[in-house]
Amino acid sequence: MTAVRISGNLPPNIDCTKAPIAFGRRAVPKLNEELQNPELITRQRALMSLCDLVHDPEIALEAMRLGCLESLKRLLRDVDSTVRMKTTEVFYRLATHNVGRVAFLKSDVILPLSQLFDEPVDVCRKNMHMAIEMMSEFPGGAVGLVEAGLIPRLVFKLTSELEEIQELILDTLHFCLCVDASEALASEAVSVLKEKLSHRSARIRNKAARALMDLSLGVQVCNLKHTLPSVPLEGKNKLCEEEVIPILVTLLGDPSPEVAASAAGALMSATVTTPGKYAALNADALLPLLGLVRSPQTNVCLNAVKAITVLAEAPEGRKELLKHLDLLEDLRGHDSEVTRRAAETAMRVITWKP
């Protein structure tokens, strides 16, 4: 005779850490109700399930239409760290969709998220910064971050955050500085970024140099409501005053090509002023820049050629560069059309006679 054995284990396809998903149109409304449930385990399981579902942009749109954002904003203040962690992860997943970024602006999500800047749980802060970084890649999101006054706080957090979060902050600053650099300059961003140029991580050195280039470029971007100010001269002068240019010249010899490219780009923008040109020439920037012209990487070569063009506007720079015209002449056969045009412009500036 055979006996029936009933296993005490759950079925293999059942995950007890996630809330059961209701069928069809009832799925998201039920999860939204469970997000507001006073029982902790119910909220946790609902967040686990919602985090999986919002990978689909259609479900993400439905979740925002049904008011999940308001429920999630309340959960950012939950006493349970797991709830906060999964809530920030859901926000990040939503921010990967364009409809999510637009909804964030309409629902004023930026400020509630920024309240987690001092969150004690590292994963929560990382998820929050990932969501904010995704927002900054969207032009309206970058404007929203600037108007929310987050730039000074982001600059301050660069001095104390974990290395991986510092990278996210630098990425966020890159997009925000293309909107408005004045708040960053007022927050001593140049001094903070100057320290990051000597960081052990090549990724942080690269992104810090890129942010300095953004500060000195001072790009002006128009919003639907108004035009935000541009401060290119102030940024360039600040880089000279803080003696950042000699450090950028040193980074031209960095073993990472991306760091060298960003350093050359920062020099290109910072040396537009006369003090900037002579600061770079006094730091012997020409020889390492000429060495980068031979780089097989297009971005390294292009930024180096553009920096050389700016330095050639100074008589001392033009005199030295006249000895290396053959190097620029070789670039006329470069694969990149942009690099070919940049080389031709550099040769015209170098061979110019008053």
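This text goes with the structure placed above it.
Procedures and definitions
- Residues numbered from 1 in each chain as written.
- Predicted model: local features only at pLDDT ≥ 70, side-chain atom pairs only at ≥ 80, totals over all residues.
- Heavy atoms only, no water.
- Phe/Tyr/Trp six-rings, centres within 6.5 Å; stacked < 30°, edge-to-face > 60°.
- Helix = DSSP H or I, 4+ residues; strand = E, 2+ residues; numbered from the N terminus.
- Buried < 20%, exposed > 50% of the residue type's maximum accessible area, 1.4 Å probe, protein only.
- Salt bridge = Lys/Arg side-chain N within 4 Å of Asp/Glu carboxyl O.
- Axes fitted to C-alpha atoms, helices over the stretch in contact; angles between N-to-C directions.
- Parallel < 35°, antiparallel > 145°, perpendicular 65-115°, else oblique.
- Left-handed = near helix turned anticlockwise from the far one by under 90°.
- Contact = heavy atoms within 4.5 Å.
- Nonpolar A, V, L, I, M, F, W, Y, C, P; charged D, E, K, R; others polar.
- Core = buried A, V, L, I, M, F, W, Y, C linked by side-chain atoms within 4.5 Å.
- Arc of directions from axis to C-beta.
- Expected span 1.5 Å × (residues − 1).
- Polar contact = N/O pair within 3.5 Å; in protein donor to acceptor, adjacent residues only side chain to side chain.

### Some words on the packing of aromatic side chains
Phase 1: Within the structure shown, the criterion is met by one aromatic pair.
Phase 2: Judged by centre distance (5.6 Å) and plane angle (70°), the ring pair of Phe91 and Phe104 falls under edge-to-face. In this pair, Phe91 is assigned in helix α5 (residues 81-95) and Phe104 in helix α6 (residues 98-106), connecting sequence segments 13 residues apart.
Phase 3: Residue Phe91 is classed as buried on the basis of its relative accessible area of 0%.

### Quick word on the pattern of salt bridges
Phase 1: Applying the stated criterion across every chain yields a total of 21 salt bridges.
Phase 2: For the salt bridge of Glu119 with Arg84, the shortest nitrogen-to-oxygen distance reads 2.9 Å. On the criterion of sequence distance, the pair formed by Glu119 in the loop between α7 (110-114) and α8 (122-136) and Arg84 in helix α5 is long-range, its members being 35 residues apart. You'll find Glu119 and Arg84 in the same group, each marked buried.
Phase 3: With a closest N to O distance of 2.8 Å, Glu89 and Lys86 form a salt bridge. Separated by three residues within a single helix, Glu89 and Lys86 lie in helix α5, roughly one turn from each other. Assigned by exposure class, Glu89 and Lys86 land together as buried.
Phase 4: Each of Glu167, Asp171, Arg203, Lys207 and Arg210 takes part in salt bridges that share partners, so that together they form one network.

### Description of the packing of helix α14 (residues 202-217) against helix α17 (residues 257-270)
Phase 1: Contact geometry for α14 and α17: axes closest at 8 Å, N-to-C directions at 15°. The angle between α14 and α17 falls in the class roughly parallel. Classified by chirality, the crossing of α17 by α14 is left-handed. On the side of α14, the interface is formed by Ala202, Arg205, Asn206, Ala209, Arg210, Met213, Ser216 and Leu217, while α17 contributes Glu258, Val259, Ser262, Ala263, Gly265, Ala266, Met268, Ser269 and Ala270.
Phase 2: Class assignment of the residues belonging to the contact of α14 with α17 gives a composition of nine nonpolar, five polar and three charged.

### Structural notes on the nonpolar core
Phase 1: Formed by 109 residues in total, the largest nonpolar core has its most connected members in Leu69, Leu72, Phe91, Leu212, Leu215, Leu248 and Leu289.
Phase 2: Excluding residues within four positions of it along the chain, Phe91 makes contact with Leu69, Leu72, Lys73, Leu76, Phe104, Val109, Leu113 and Ala131.

### Quick look at the side chain of Ser216
Phase 1: In this fold, Ser216 is placed in helix α14.
Phase 2: You can call Ser216 buried: its relative accessible area is 0%.

### Observations concerning helix α18 (residues 274-282)
Every α-helix carries 3.6 residues per turn, so stepping three or four residues along brings you back to the same face.
Phase 1: For α18, every residue scored as buried is listed here: Gly276, Lys277, Ala280 and Leu281. Taken down its axis, α18 places every buried residue within 130° of arc, on the same side. In α18, the exposed residues that point more than 90 degrees away from the buried face are Pro275 and Asn282.
Phase 2: Just beyond α18, the residue with positive phi is Asp284, at close to 60°.

### Digging into helix α23 (residues 337-350)
Phase 1: Under the 1.5 Å per step criterion, the end-to-end length of α23 is 20 Å for 14 residues, consistent within 8% with the ideal 20 Å.
Phase 2: Check the buried side of α23 and you find it contacts α20 (298-311), α21 (315-321) and α22 (325-329).
Phase 3: Backbone nitrogen of Val338 and a side-chain oxygen of the N-cap are separated by 3.4 Å at the start of α23; the cap is Ser336.

### Observations regarding unusual backbone geometry
Phase 1: Not every positive phi belongs to a glycine, and Asp108 is a case in point at roughly 55°.
Phase 2: Of note, Asp108 is situated in the loop between α6 and α7.
Phase 3: Even without being glycine, Glu188 reaches a positive phi, approximately 60°.
Phase 4: Along the chain, the position of Glu188 falls in the loop between α12 (182-186) and α13 (189-196).
Phase 5: Among the residues examined, Glu188 registers a relative accessible area of 39% and is labelled partly exposed.

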